[in-house]
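Overview (structure and organization)
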Amino acid sequence: MAHTEIELDPVTHITTDAIGKPGQRVFYIQARQDDEVVTLLVEKVQIQTLAIGVEQFFTEIASRYPQLPPASGEYNEAEMHIQPPVDPLFRVGELGLAYDPERDMACLIAHEVLSDQISEEDAGVARFWCTRSQLLALSLWGIEVANRGRPICPQCGEPMDPEGHFCPKKNGHKH
């Protein structure tokens, strides 16, 4: 398998979204640079972890560059849904963040998941250069999308399926 390396610098749009019913959703990150569209397959937990990472990343940037104006996390929900084509280039194994202070641009770096068929040398990488506001909007929207999943059981904290939920805390005994 050939090494895939994509760099969109800068993106015109970047987002994350999920397709499918709660409990069966598939999560994506999608970036556009004019007519070029790159879609990557991610896990829900990666979107949630990215949001935490972005918050810490912005705290570090603010401490190093206190003169920077704060990023705006505002977004229009209609514009944040992914658009066709939704043919993922690869499944993401690791996400990273970088910052270029000269241009005041952030970079979301996605590395392809490694497997028996994909070695480190063959793994794909995608770099999406975006504004801090685009990255913050992606992060905030990602949390919103992740939270739209299955309801959480108040007893055990696990997601509840619409067909029913076996709760280990409700084993027939009153607590």
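Residues numbered from 1 in each chain as written. Predicted model: local features only at pLDDT ≥ 70, side-chain atom pairs only at ≥ 80, totals over all residues. Heavy atoms only, no water.

Our next topic: the overall build of the protein. Within the protein one finds three helices and seven strands. Counting from the amino terminus, the protein carries its helices and strands in the arrangement β-β-β-β-α-α-β-β-β-α. Per-residue burial for the protein yields a buried fraction of 37% across its 175 residues. Within the protein, contacts between residues separated by at least 24 positions form 59% of all contacts whose residues are at least 6 apart in sequence. Summed over all atoms, the accessible surface of the protein reaches about 10400 Å², with 51% contributed by carbon and sulfur. (Helix = DSSP H or I, 4+ residues; strand = E, 2+ residues; numbered from the N terminus. Buried < 20%, exposed > 50% of the residue type's maximum accessible area, 1.4 Å probe, protein only. Contact = heavy atoms within 4.5 Å. Areas by Shrake-Rupley, 256 points an atom, 1.4 Å probe, with all protein chains shown as cover.)

Quick look at the sheet that holds strand β2 (residues 13-19) now. In a beta sheet, neighbouring strands are held together by backbone hydrogen bonds and run either parallel or antiparallel to one another. One open sheet holds the three strands; their spatial order is β2-β3-β4, and the pairing between them is antiparallel. Each having just a single partner strand, β2 and β4 (36-42) make up the two edges of the open sheet. Across the sheet, the axes of successive neighbouring strands diverge by a mean angle of 20°, strand direction being ignored. For β2 and strand β3 (residues 26-33), the ladder comprises seven bridges, and the chain directions are antiparallel. Considered in β3, the bridge of T16 is made with I29. (Pairing = 2+ DSSP bridges. Axes fitted to C-alpha atoms, helices over the stretch in contact; angles between N-to-C directions.)

Sheet architecture is open: four strands sit in the order β1-β7-β6-β5, paired in mixed fashion. Bordering the open sheet on either side are β1 (5-8) and β5 (92-100), each of which pairs with just one other strand. Ignoring which end each strand starts from, the neighbouring axes of this sheet average 15° apart. Pairing of β5 with strand β6 (residues 105-112) involves eight bridges; the strand directions are antiparallel. Pairing of L95 across the sheet is with A110, part of β6. Helix α1 (residues 44-64) rests against β5 and β6 of the sheet, and its axis sits at about 20° to β5. The sheet contacts of helix α3 (residues 132-147) involve β5, β6 and β7 (125-130), and relative to β7 the element is tilted by about 115°.

So, on to the state of the cysteines. Going through the model one piece at a time under the given rule, you end up with zero disulfides. The structure places no disulfide on C107, whose sulfur is separated from the nearest cysteine sulfur, that of C130, by 7.4 Å. Since its relative accessible area comes to 1%, C107 is described here as buried. (Disulfide = S-S within 2.5 Å.)

At a closest axis distance of 9 Å, the pairing of α1 and α3 adopts a crossing angle of 145°. The way α1 lies across α3 gives a crossing that is left-handed. Along the contact surface, α1 presents K44, I47, Q48, L50, A51, V54, F57, F58 and I61, while α3 presents R132, L135, L136, L138, S139, G142, I143 and A146. Within the contact of α1 with α3, the residues separate by chemical class into 12 nonpolar, three polar and two charged. (Left-handed = near helix turned anticlockwise from the far one by under 90°. Nonpolar A, V, L, I, M, F, W, Y, C, P; charged D, E, K, R; others polar.)

For the rest of this paragraph, the subject is α1. For α1, with 21 residues, the first-to-last C-alpha span of 30 Å sits near the 30 Å given by 1.5 Å per residue. For α1, every residue scored as buried is listed here: Q46, I47, L50, A51, V54, F57, F58 and I61. Viewed end-on, α1 has its buried residues packed into an arc of 145°, placing them on one side of the element. Exposed positions of α1 whose direction lies more than 90 degrees from the buried face are V45, I52, E55, Q56, T59 and S63. (Expected span 1.5 Å × (residues − 1). Arc of directions from axis to C-beta.)

Function-wise, these values are silent; they only describe arrangement.
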